[in-house]
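Notes for the structure review
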Protein chains: 2
Amino acid sequence: MKFEYSNKVSCMHGSIIRELIKNMSDPDTISFAGGNPCVESFPVEDIRRISDRLLRDDPAGCLQYGTTEGYTPLREEARKFANRHGNVIKDSDMVIITSGNMQVFDMMARLLCNEGDVVAAEEPSFMGCYNAIHNCGASLAGVPMESDGANMEVLEQVLSADPKPRFYYTTPNYQNPTGVTTSLEKRTKTYELCSRYQVPILEDDPYGELRFSGEHIPSIKTLDTQGLVVYCGSFSKILSPGMRLAYCAGDPDIIEKMTTLKQVCDVHSNAWAQHVCYEYLTTADVEKNIRGIQDIYRDKAAYMMECLDRYLGGRVSYVRPQGGMFIWITLPEEVPMLEFVQRCLDYKVTMVPGNGFLTDYDVPSQCVRLSYSLPPKEDMRKGIEIMGKVLDSFLQK
Amino acid sequence: MKFEYSNKVSCMHGSIIRELIKNMSDPDTISFAGGNPCVESFPVEDIRRISDRLLRDDPAGCLQYGTTEGYTPLREEARKFANRHGNVIKDSDMVIITSGNMQVFDMMARLLCNEGDVVAAEEPSFMGCYNAIHNCGASLAGVPMESDGANMEVLEQVLSADPKPRFYYTTPNYQNPTGVTTSLEKRTKTYELCSRYQVPILEDDPYGELRFSGEHIPSIKTLDTQGLVVYCGSFSKILSPGMRLAYCAGDPDIIEKMTTLKQVCDVHSNAWAQHVCYEYLTTADVEKNIRGIQDIYRDKAAYMMECLDRYLGGRVSYVRPQGGMFIWITLPEEVPMLEFVQRCLDYKVTMVPGNGFLTDYDVPSQCVRLSYSLPPKEDMRKGIEIMGKVLDSFLQK
């Protein structure tokens, strides 16, 4: 049987990271490529205790069908959780529990984009959201990232263009892949511009809780007075990514439409995980656990930067992250990035080539993304030492 | 903010069942409306034991990100599980784990349908699949259900029409809502016709394990020699619907495209549930549990039919189900179905009006769907007694 696919299939991109990770099962490989949180950050014992109690006391709640918008107590608790950092989710907002932030990107693209539409997005940025937009037959208008957030002049050009973008995708906290934190000034400006041109904002905040240095900066959602911002937070980095649980909040008009769409996506997100997550948020010492997770990443990030300065210092540049899991390295102009990545892979050190985070993979990039979440320190040191030698081999040509 | 939605949003239907269920929280209501499996069928103690052990021995496997196509050992075990009933999943097929069968319908529609396309489907049938197809801007060509499966003459007309349907949706075992089992003759004919006109088949088998009378009939997938059939089986009715786990098998060409699409849908299905499901299939006494579930439904179905014959006998007609959870009642011509449903609701007895399962809700229906999975026997008797009195009140006019 030769299947005849829809036109959109020709727009579908697979994740090049997932392809890379498939080739990383070799245990000798030192991987800076994956975006997985470190396993030590999962509150395993809390999950085990809570799950066991719930399956004893409320098996039907965990195992029966649930409602599409999510377990009501968890939706309320997610609101409180987000609002520890200010009035992020307003009383007038509606909250939906989703199967990860990825599901929100997919649903936003489906709800807002027709074929041929344009979506504005920080560039580089998370390719999963780019792929969701491409899958709807829409194209991307990239807004270049700088060390304090997207370039505001380009953002205004993009927002004021004809056709108007259907929405603007931004990750203000420790963005993937750049690790950049958008300044308060630029968050305020972003909101002003999107408000002026009436372009909805999709504010992605998966790493928000992972701040390990600097001061908290209010989310763009906090500044919103007119229901312009759809905000998504995730439980992947503080509880478990394998559970696929996130929450999304915004104007009830769009969140209700998202709920109707979610009925056909997966009916509802895993009920058991939702119940465990609710009990975790309400009965465990979440603040202590989050401080513990921040400590882990602070330590790992600091050590990676120490190694980078030792072995690659003076030859590469990067923005020091204030949180999250990534460092974005810019190689010297004379080093061919893809060859550098390949040479490192030959020495069993992996990272993600920067063009994987561009709106067009074919545009050249001088950057690579390193993740410090997984490798133990000794591997980190060895891997970066190898990167240094590979870099030298290119520079000495 | 006034959001401007995509064209497809105007095609979106919510589930009328879910709307109904929302109004059923009144504990005095006797519900024949919901499609939930009965809680007694969940192997709670197995799940509890397995989950506890896994979180102790392999927390990373349960809680870390997984691969999009699913946990490899579970994919292999799903293949063996399906093949207890013959050579359903061939060696050349690929298996993907999905977040319920609903996700398969959504992905099939997205992969195969452009706006304006047509999909062939049994009618009445599961509205969730209809909604997924409508959401892609495609329309439905219904093939009327008879007591032994779809009408084959109409099926041929629909398959040979121009434009050709993008696929044919069928549920051969104890179909929702009719409870009808498609005969072997019609399964064979369905395959022949779809093969002749080269229309892929989406064979939905969520209730396959719930046979409580009659003999097993091979799935259409078993007859497939050319990769025409995409088969989906579910763990919702034998393990837990709240876990949102199903499996889908077919030609690697389409299952690989489904995998790429699933990356943007939800990255992967809940890893923890996948690990628990694998351990359940390989270490628990699954056959004994399934026999127990069949016993529960056999008993409930028999009692509902006894009540129907006692209180509604001679005035309504229905097909006796050989499995599954539903009985499809045809009311006498002179009874206005929607008024009958409303009158029963006034007496706190709920059921789903038959037009909810039609390709066009506005077409009149004389049928209602009753589910026997949830109400205890005494409620079942009371509810059907009330239905009988309501029916009489219409007939005595």
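Shown above is the structure to which this text applies.
Numbering of residues starts from 1 in each chain and follows the order in which that chain's sequence is written. Each chain takes a letter, starting from A, and each ligand takes a number, starting from 1, following the order in which they are written. Local features in a predicted model are, by the rule used here, given only for residues with pLDDT of at least 70; side-chain atom pairs are given and counted only at 80 or more, and totals for whole chains, interfaces and linings are based on all residues. For side-chain calculations, the full set of non-hydrogen atoms in the structure is used, while hydrogens and water are omitted.

Quick word on the overall build of chain A
Helix numbering and strand numbering both begin at the N terminus, where a helix is a DSSP run of H or I of at least 4 residues and a strand a DSSP run of E of at least 2. Counting its regular elements, chain A contains 14 helices and 14 strands. When we talk radius of gyration, it's over C-alpha atoms, and the globule rule is simply 2.2 Å times the number of residues to the 0.38. Against the 2.2 N^0.38 benchmark of 21 Å for 397 residues, chain A shows a C-alpha radius of gyration of 21 Å, consistent with a compact globule. Only protein chains enter the calculation, and the probe is 1.4 Å; a residue is then buried if its accessible area is under 20% of its type maximum, exposed if over 50%, and partly exposed in between. In chain A, which comprises 397 residues, the share counted as buried stands at 64%. Should any heavy atoms of two residues lie within 4.5 Å, those residues are counted as being in contact. For chain A, the proportion of contacts with a sequence separation of at least 24, taken over those separated by at least 6, is 76%.

Let's talk about the state of the cysteines
All names here are of chain A. Note on terminology: pairs of cysteine sulfur atoms within 2.5 Å are recorded as disulfides. For the structure shown, the criterion picks out zero disulfides over all chains. Distance from the sulfur of Cys 307, which forms no disulfide, to the nearest cysteine sulfur (Cys 344) is 14 Å. Looking at Cys 307, the relative accessible area reads 0%, which means it is buried.

Some remarks on the pattern of salt bridges
A side-chain nitrogen of Lys or Arg and a carboxyl oxygen of Asp or Glu constitute a salt bridge if their distance falls within 4 Å. Counted under the stated rule, the structure contains 54 salt bridges over all chains. Across the salt bridge formed by B:Glu209 and B:Arg84, the nearest N and O atoms sit 3.0 Å from each other. Placement of the pair is B:Glu209 in the loop between β7 (201-205) and α9 (220-223) and B:Arg84 in the loop between α4 (72-82) and β2 (94-98), with a sequence separation of 125 residues. Taken together, the shared-partner salt bridges connect A:Asp106, A:Arg110, B:Asp106 and B:Arg110 into one network.

With respect to helix α5 (residues 101-112) of chain A
All names here are of chain A. Look at α5: 17 Å from first C-alpha to last across twelve residues, which is about the 16 Å you get at 1.5 Å a residue. Of all twelve residues in α5, twelve are buried, a share of seventy percent or more. Among the residues making up α5, those that are buried are Asn 101, Met 102, Gln 103, Val 104, Phe 105, Asp 106, Met 107, Met 108, Ala 109, Arg 110, Leu 111 and Leu 112. Multiplying 1.5 Å by the helix residue count minus one yields the expected span of that helix.

Observations regarding the interface of chain B and chain A
Residue-level contacts link 82 residues of chain B with 82 residues of chain A. When the buried surface of chain B facing chain A is broken down by residue, B:Met1, B:Leu63 and B:Tyr65 rank first, second and third, together holding 11% of it. On the surface where chain B and chain A come into contact, there are four salt bridges. Here A:Arg48 and B:Asp52 are joined by a salt bridge, their closest N and O atoms 3.0 Å apart. Whenever two N or O atoms come within 3.5 Å, that pair is a polar contact, provided that in protein one can donate a hydrogen and the other can accept it, and provided that, for residues adjacent in sequence, both atoms are side-chain atoms. Run the count over chain B and chain A and you get 31 residue pairs in polar contact (both at pLDDT 80 or more). Elements supplying a minimum of two residues to the side of chain B that touches chain A: α1 (16-22), α2 (44-57), α3 (59-63), α5 (101-112), α6 (127-135), α10 (252-266) and α11 (271-283) of chain B. No other element matches the nine residues that α10(B) contributes to the side of chain B that touches chain A. Of the residues contributing to the side of chain B that touches chain A, the split by class is 35 nonpolar, 29 polar and 18 charged. Put simply, buried area is the surface a 1.4 Å probe can reach on two separate parts but cannot reach once they are joined, added for both. Charged means Asp, Glu, Lys or Arg here, nonpolar means Ala, Val, Leu, Ile, Met, Phe, Trp, Tyr, Cys or Pro, and polar covers whatever is left, Gly included.

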